[in-house]
Amino acid sequence: MFPFKKYFILRSIVKFFKICFLSFFFVIPMILSAEVNVYSYRQSFLVKPLFEKFTEQTGIEVNTIFASKGLIQKIQMEDRNSPADLLQTSNFTRLVEAQELGLTQSIQDSTLEEAIPNAYKDPTGNWFGLTIRARLIYASQERVKENEITYEELTTSKWNRRICSRSGKHDYNIDLIASMIAHHGVEESKLWLKGVKENLARRPQGNDRAQVKAIYAGQCNISLGNSYYFGKMMADPEQQEWARSVKLLFPNQENRGTHVNISGMAITKYAPNREDAIKLMRFLVSEDAQKIYAEVNYEFPVRKGGWRSCVV
Ligand code: FE
């Protein structure tokens, strides 16, 4: 009996040390390692360098899921069990959608408050803007003399068969139409849409850059496009000549100003790593991060004073 008892005690001691060993090397670091889970509608090439810099500075890992659609629905389905801490979107509409579905929570944070102008954040703290993108008029250098065109003027006979556009059902155009409705009401906006449609040089097709290519090819004279695509085309050897054939016009400077959209972020309702997610939000509006947004994707920083204050 005795050797058996000795063997049993020895086994228990080995087992105890085994558990200690595993806890020390695996379990405790897992508990201690900080992380934030981001569901992002933004493209990975843009936000990954930002997250890497954040991890470098804070030691907090950032896990990501990227998708162009369905992330809000995913958070909704996962409900309380959702691992998502932060939702990142490329437009204002999705921020409001997430808020209206009750998937976000209110954050009161002085760093975010100070960095982001009121126009680009939710007054109740449920979402915050990160970057600004303007919907501009791209106009042929050669064939368009005007340097000031309003959105409203796109319906005049002057532009008959001279406008190229992507689909009116694309988010970028839907958001512009929403701004027309906000300023002019539904009936007037319907007439505006009809007028723009009648002035199209061809059936809506392609993306924003394809319209500039069409201007370069002489198929039309003006198009609507987001501001950062100019920078993207200039950075692409194949597209540089398209960009060089146009000038950028910021519509409605004499009255309400050019329509802009924002990319933004919101903390989810059940964020398991809320405090670290707030740290990530603060980082994303820092001068360092806003500079990366401007340099990598040619977007306007949302931060008050942009990022130039840190380099000039
Ligand atoms: Fe885009």
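This one's a predicted model, so the numbers in the text were calculated from it and none came from an experiment.

Things to note about the packing of helix α6 (residues 171-184) against helix α7 (residues 186-198)
Okay, step 1: The geometry of α6 relative to α7 is characterised by a closest axis approach of 7 Å and an angle of 135 degrees between their N-to-C directions. With respect to each other, α6 and α7 are oriented oblique. As for how α6 packs across α7, the hand of that crossing is right-handed. In this structure, α6 contributes L176, I177, M180, I181 and H184 to the contact, and α7 contributes V186, E188, S189, W192 and L193.
Okay, step 2: Looking at the contact of α6 with α7, its residues break down into seven nonpolar, two polar and one charged.

Digging into the packing of helix α2 (residues 44-58) against helix α11 (residues 274-284)
Okay, step 1: Direction vectors running N to C along α2 and α11 enclose 115 degrees, while the axes themselves pass 11 Å from each other. Considering how the two elements wind past one another, α2 and α11 form a crossing that is right-handed. Residues L50, F51, K53, F54 and Q57 of α2 lie in contact with α11, whose contacting residues are D276, K279, L280, F283 and L284.
Okay, step 2: In terms of residue class, the contact of α2 with α11 is built from six nonpolar, one polar and three charged.

Overview of the pattern of salt bridges
Okay, step 1: Scanning the entire structure with this criterion turns up 14 salt bridges.
Okay, step 2: We note a salt bridge from E187 to K190, for which the minimum N-O separation is 3.8 Å. Note that E187 and K190 are positioned in helix α7 at a spacing of three residues, about one turn of the helix.
Okay, step 3: Residue class for E187 comes out exposed when judged on its relative accessible area of 55%.
Okay, step 4: Notably, a salt bridge pairs D276 with K279, separated by 3.4 Å at the nearest N-O pair. Of the two residues, D276 and K279 both sit in helix α11, three residues apart, roughly one turn of that helix.
Okay, step 5: Classification of K279 as partly exposed rests on a relative accessible area of 38%.
Okay, step 6: Via salt bridges that share partners, R42, R133 and E299 belong to a single interconnected network.

Each value, and the rule that gives it
- Residues numbered from 1 in each chain as written.
- Predicted model: local features only at pLDDT ≥ 70, side-chain atom pairs only at ≥ 80, totals over all residues.
- Heavy atoms only, no water.
- Axes fitted to C-alpha atoms, helices over the stretch in contact; angles between N-to-C directions.
- Helix = DSSP H or I, 4+ residues; strand = E, 2+ residues; numbered from the N terminus.
- Parallel < 35°, antiparallel > 145°, perpendicular 65-115°, else oblique.
- Left-handed = near helix turned anticlockwise from the far one by under 90°.
- Contact = heavy atoms within 4.5 Å.
- Nonpolar A, V, L, I, M, F, W, Y, C, P; charged D, E, K, R; others polar.
- Salt bridge = Lys/Arg side-chain N within 4 Å of Asp/Glu carboxyl O.
- Buried < 20%, exposed > 50% of the residue type's maximum accessible area, 1.4 Å probe, protein only.

Scope: geometric values only; no functional claims are made or implied.
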